[in-house]
Amino acid sequence: MCHFLAYMPSVSYLYSLKNVDMNFAVNSFLSKHSVQDSYLLENNRLVHTYRPGKSFCYLSFDYKLTTYLLNRNLQLSGGVGYNTTKTNDEQRKRWGGFRYSLDLMYSSGIFSFSGSYMSGIKGIEFTGSCYSEVPRCYNLSASYSKGCWYASIELDNVFESKHYGKEYVNSPVYRRTVSIKSWEYSPLVTFKLSYNIDLGHKKIEHVEELFDKSISTGYLRPKE
């Protein structure tokens, strides 16, 4: 079993105005070594094992702007980020790119609406030889709440026919491309309906004590 020391320094800064928030963040993952898959051919058989890899450097830069409108009933957020991963392994190269996000939330009385969008992300694993691609994801939802009733509908990636994450392995003796299907990436429609039943609660007796408010001051004198 391989044990390596990794450093994860990060810093974030938030600046707020009356109806605007701005956030900037830098995250990193740094290690002199990593754990890598190793594929060998022995007697026409593919053998999978692990070996210590070389340096691993991950950097992520993110900027997000949030504004509040319509008496703060409407919230809009937009973000842009860039991530890159660099290794010194021969079979692993620099991998990364830009990503974008957009979020919306609106509430009006008993109704609320929200939506979100996140572009695809690329990355390299620290404990493996896989290059990964996470596809874009988006969501729309609406909810109704009044009295004891609550109903909501949520649409996830509904315009996608094939929504898969992908992994790539590239070694001198073995290459593989895998499509990973997940509920997080697949088209999904969710409807919820609930009713809250009040089963009652224990009543607590309250005794109100009346005081003579006409007396402003009072003194205690010893009995003679």
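Read on for a plain summary of the structure. A quick note: this is a predicted structure, and the numbers were derived from the prediction, not measured.

1. Quick look at a nonpolar patch on the surface
No. 1: Side chains of Tyr13, Tyr15, Leu17, Phe24, Phe61, Tyr63, Leu65, Val80, Phe98 and Tyr100 sit close together on the surface and give an oily, nonpolar patch of about 980 Å² of accessible area.
No. 2: Mapped onto the nonpolar patch, the elements with two or more residues apiece are β2 (10–16), β6 (56–69) and β8 (95–108).
No. 3: If you tally residues by element for the nonpolar patch, the top one is β6, at 3 residues.
No. 4: Positionally, Leu65 belongs in strand β6.

2. Section: the side chain of Asp21
No. 1: Turning to its location among the elements, Asp21 is positioned in strand β3 (residues 20–31).
No. 2: With no salt bridge to any partner, buried Asp21 finds its closest opposite charge in Arg72, at an N-O distance of 5.5 Å.
No. 3: In this structure the side chain of Asp21 is engaged in a polar contact, spanning 2.9 Å, whose partner is the side chain of Tyr68.
No. 4: If we ignore the near neighbours within four places in the chain, the residues touching Asp21 are Leu14, Tyr15, Ser16, Lys64, Leu65, Thr66 and Tyr68.

3. Considerations on the pattern of salt bridges
No. 1: On inspection of all chains with the given rule, the structure shows 1 salt bridge.
No. 2: A salt bridge links Asp62 to Arg99, with the nearest nitrogen and oxygen atoms 2.7 Å apart. Taken together, the residues Asp62 in strand β6 and Arg99 in strand β8 connect sequence positions 37 residues apart.
No. 3: The buried category is assigned to Arg99, whose relative accessible area is 12%.

Reading the values: the criteria
Residues numbered from 1 in each chain as written. Predicted model: local features only at pLDDT ≥ 70, side-chain atom pairs only at ≥ 80, totals over all residues. Heavy atoms only, no water. Patch = residues over 30% accessible without salt bridge, like charges linked within 9 Å, V, L, I, M, F, W, Y side chains within 5 Å. Areas by Shrake-Rupley, 256 points an atom, 1.4 Å probe, with all protein chains shown as cover. Salt bridge = Lys/Arg side-chain N within 4 Å of Asp/Glu carboxyl O. Helix = DSSP H or I, 4+ residues; strand = E, 2+ residues; numbered from the N terminus. Buried < 20%, exposed > 50% of the residue type's maximum accessible area, 1.4 Å probe, protein only. Lys, Arg positive; Asp, Glu negative; His and termini not counted. Polar contact = N/O pair within 3.5 Å; in protein donor to acceptor, adjacent residues only side chain to side chain. Contact = heavy atoms within 4.5 Å.

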